[in-house]
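Coordinate inspection notes
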Amino acid sequence: QEAWSGTVVLVAENLLLTNNHVLPNSDLLSGTIFRFNYEENFQGEAQKVDEYRPKSQGIFHTNKALDYTLVEIEAEPGKKWGFLPLMSRVVRRDNRVNIIQHPLGQPKQISLQNNFVLYVGGNVVQYVTSTLQGSSGSPVFNDAWEVVALHHAGGNILEPNTQQRYFRNEGTLIESILADLPPELVELLQSEQNT
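Procedures and definitions
- Numbers given to residues run from 1 along each chain, matching the order in which its sequence is written.
- In keeping with the predicted nature of the model, local features appear solely for residues at pLDDT of at least 70, side-chain atom pairs appear and are counted solely at 80 or more, and the whole-chain, interface and lining totals rest on all residues.
- In computing side-chain properties, one takes all heavy atoms of the structure into account and sets aside hydrogens as well as water.
- The set of buried Ala, Val, Leu, Ile, Met, Phe, Trp, Tyr and Cys residues whose side-chain atoms join them within 4.5 Å is what this entry labels a nonpolar core.
- We call a residue buried when its accessible area falls under 20% of the maximum for its residue type, exposed when it is over 50%, and partly exposed in between, using a 1.4 Å probe and counting protein chains only.
- Under the DSSP-based scheme used, a helix requires at least four consecutive residues in state H or I and a strand at least two consecutive residues in state E, with every element numbered from the N terminus.
- Note on contacts: a residue pair is in contact if any heavy atoms of the two residues lie within 4.5 Å.
- Strand pairing is assigned whenever DSSP detects at least two bridges linking the two strands.
- In this analysis an axis means a line fitted to C-alpha atoms, helices contributing only their contacting stretch, and an angle means the value between N-to-C directions, from 0 to 180 degrees.
- Salt bridge, as used here: a side-chain nitrogen of Lys or Arg that lies within 4 Å of a carboxyl oxygen of Asp or Glu.

**Some details on the nonpolar core**
The biggest cluster of nonpolar side chains holds 19 residues, and the ones touching the most others in it are Val11, Leu17, Leu86, Leu181 and Leu189. Elements with a contribution of two residues or more to this core: β1 (9–12), β2 (15–18), β6 (68–72), β12 (147–158), α2 (174–180) and α3 (183–193). If near-sequence neighbours (up to four positions away) are discounted, Leu17 is found in contact with Val8, Val9, Val11, Tyr68, Thr69, Leu70, Leu86, Gly137, Leu150, Ile174 and Ile177. Val91, Val97, Ile99 and Ala149 belong to the second largest nonpolar core, which has 10 residues in total.

**Quick notes on the sheet that holds strand β8 (residues 109–111)**
An order of β8-β7-β11-β12-β13-β10-β9 is seen for the seven strands of this open sheet, with the pairing classed as antiparallel. Here the strands that pair on one side only, and so sit at the sheet edges, are β8 and β9 (117–121). Adjacent strand axes in the sheet meet at a mean angle of 35°, parallel and antiparallel pairs treated alike. Taken together, the three bridges between strand β7 (residues 98–101) and β8 define a ladder with antiparallel strand orientation. Within the sheet, the bridge partner assigned to Ile100 lies in β8 and is Ile110.

**Notes on the environment of Val186**
Among the secondary structure elements, Val186 is positioned in helix α3. Between the C-alpha atom of Val186 and that of Glu170, which follows or precedes it by 16 residues, the distance is 24 Å. Those residues in contact with Val186, other than ones at most four positions away along the chain, are Leu178 and Leu181.

**What to know about the pattern of salt bridges**
Within the structure shown, the criterion is met by six salt bridges. A salt bridge links Glu51 to Arg35; its shortest N-O distance comes to 2.7 Å. Residue Glu51 is located in strand β4 (residues 50–52), and its partner Arg35 is located in strand β3 (residues 34–36); the two are separated by 16 residues in the primary sequence. As a salt-bridge pair, Arg168 and Glu159 come within 2.7 Å of each other at their nearest N and O atoms. There is no split in this pair, since Arg168 and Glu159 are both buried.

What follows is the structure in structure tokens.
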């Protein structure tokens, strides 16, 4: 059986957001494990991880065009680890964006340097913040540490308005994801933020 990894962001006490290309369909959930606290301390020592599984018959909502998947997991890890609320946030060219990621399936890394936004339009934001494979599904933060996008691609990427290709990274804007979600899921996410 093929193994792969990606990054997820906890957006409610028991809801994760990642990319459609990381989890394209619910058939993959039975073999999926979600690890929390997969990081090293300042001495480079691995920390104890918590593992969670998808909730049987839980929420699974995906959109291939916007490249996102929302998954319900067992228990409520957000009570222990906290979660990042999803809200529409303005992001503009020349803003800075930071990424918390698991590149190449490695422990958590944070990318803070050379992190300028170079394009915002349609459903995407493009930036030069460093990422690698395995970073798909990472939250893209503004400098106030608010989630503004979901990282999904890197490389020689087409800029939608100019049709020119540039070596950049790209994320789907959170406002586009929120606009696409069914109203009942948006309500669920909003109710979680108010508890």
